[in-house]
Amino acid sequence: MPEPLGEFDRIRALIAGLPQGEGVVVGPGDDAAVLRMRDAHDLVVTTDTFVEGRHFRRELLSPAEAGVRFAAANRSDLAAMAALPRWATLALVLPPSWSAAAAAAFEHACAHALAADGAAIVGGNLSAGDTFSATLTLMGEVRRDAAWTRAGARAGDVLAVTGVPGSAAAFVAIALWGSPPSRERVPAAITERFVSPSSRVA
């Protein structure tokens, strides 16, 4: 039986093959990342945490699907402020129930979803714990002084909503309607929007 991987071996396995990003002087694997912003841009930063059992359930989402969905929340925050994603750090807390393969599937799916909008994972942390959680900090750039904020809204503005609001709530409600929980009874269109939410960055 093979020896269990040590912490640094697990980190190397997690970051192997991650997409590379523009402006990354020093990437994952060192004590910290070194990033180079473009001229005349402001840095925009957002953070989200995903906890198993609260934000997703393993019987409804595979680790890879959870990784894709996790990336969507942060990308949405940057899109709302007119910022383009550039870099991310990902911190994982892994319980014994999560194998190295499951953790890698989560991180790689998250990384490739971020890469579709031009962002790269440049560092993070790995820890053991009783419950799986992931914390993603996503950094982006916006032209100097051009970020959209909530304070900018004025009476008379036109408000637009993209996508289909309520899809996530519908997926969860239908999947949990019965015992055991199952996504098999959820209409395919709702499942698709929940599992692979469209990026709003473009």
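Residues numbered from 1 in each chain as written. Predicted model: local features only at pLDDT ≥ 70, side-chain atom pairs only at ≥ 80, totals over all residues. Heavy atoms only, no water.

### Observations regarding the sheet that holds strand S6 (residues 133-143)
Thought 1: In space, the four strands of this open sheet follow the order S3-S6-S4-S5, with mixed pairing throughout. Both outer strands of the open sheet, strand S3 (41-51) and strand S5 (120-128), are each paired with one neighbouring strand and no more. Strand-to-strand twist of the sheet, defined as the mean angle between neighbouring strand axes without regard to direction, takes the value 15°.
Thought 2: When strand S4 (residues 84-94) meets S5, the two strands line up parallel, connected through eight bridges. Across the sheet, residue Trp87 finds its bridge partner in S5, namely Ala120.
Thought 3: Contacts between helix H2 (residues 63-80) and the sheet are confined to S3, S4 and S6, with S3 contributing the most and set at about 145° to the helix.
Thought 4: Helix H3 (residues 100-115) rests against S3, S4, S5 and S6 of the sheet, and its axis sits at about 170° to S4. (Pairing = 2+ DSSP bridges. Helix = DSSP H or I, 4+ residues; strand = E, 2+ residues; numbered from the N terminus. Axes fitted to C-alpha atoms, helices over the stretch in contact; angles between N-to-C directions. Contact = heavy atoms within 4.5 Å.)

### Structural notes on helix H5 (residues 188-195)
Thought 1: Residues of H5 that are buried: Ile190, Thr191, Phe194 and Val195. The arc that holds every buried residue of H5, seen down its axis, measures 120°, which confines them to one face.
Thought 2: Contacts made by the buried residues of H5 are with H2 and helix H4 (167-175). (Buried < 20%, exposed > 50% of the residue type's maximum accessible area, 1.4 Å probe, protein only. Arc of directions from axis to C-beta.)

### Digging into empty space enclosed by the protein
Thought 1: Within the structure shown, the criterion is met by one cavity of 30 Å³ or more.
Thought 2: In this structure, the largest cavity spans a volume of roughly 40 Å³.
Thought 3: As for the largest cavity, its lining consists of Leu18, Pro19, Gln20, Gly21, Val24, Gly27, Pro28, Ala120, Ile121 and Val122.
Thought 4: Tallying contributions element by element places S5 first for the lining of the largest cavity, with three residues. (1 Å grid on protein atoms, 1.4 Å probe; cavity = no way out; pocket = protein on both sides within 12 Å on 5 of 7 lines; lining within 4 Å. Points joined across faces, edges and corners; volume = space filled by probe spheres on them.)

### Observations regarding the pattern of salt bridges
Thought 1: Inspection of the entire model under this criterion finds six salt bridges.
Thought 2: Of the charged contacts, one joins Glu59 and Arg57 as a salt bridge, the two residues approaching to 2.8 Å between their closest N and O atoms.
Thought 3: Under the relative-accessibility criterion, Glu59 is labelled partly exposed at 43%.
Thought 4: Here Glu141 makes a salt bridge to Arg86, at a shortest N to O gap of 2.5 Å. Taken as a pair, Glu141 in strand S6 and Arg86 in strand S4 lie far apart in primary sequence, 55 residues in all. A single burial state applies to Glu141 and to Arg86, both of which are buried.
Thought 5: It is possible to trace a salt-bridge network through shared partners that takes in Arg38, Arg86 and Glu141. (Salt bridge = Lys/Arg side-chain N within 4 Å of Asp/Glu carboxyl O.)

### Digging into the packing of aromatic side chains
Thought 1: A complete count under the given rule lists nine aromatic pairs for this structure.
Thought 2: Taken together, a centroid distance of 5.0 Å and an interplanar angle of 20° make the contact between Phe50 and Phe70 stacked. Here the residue Phe50 occupies a position in strand S3, and Phe70 occupies one in helix H2, the gap between them amounting to 20 residues. With respect to class, Phe50 is no different from Phe70; both count as buried.
Thought 3: Aromatic pair Phe106 and Phe132: ring centres 5.1 Å apart, planes at 70°, arrangement edge-to-face. In this pair, Phe106 is assigned in helix H3 and Phe132 in the loop between S5 and S6, connecting sequence segments 26 residues apart.
Thought 4: Given a relative accessible area of 0%, Phe106 falls into the buried group.
Thought 5: Taking NZ or CZ as reference, Arg69 lies 3.9 Å from the ring centre of Phe194, over its face. (Phe/Tyr/Trp six-rings, centres within 6.5 Å; stacked < 30°, edge-to-face > 60°. Lys NZ or Arg CZ within 6 Å of the ring centre and 35° of its normal.)

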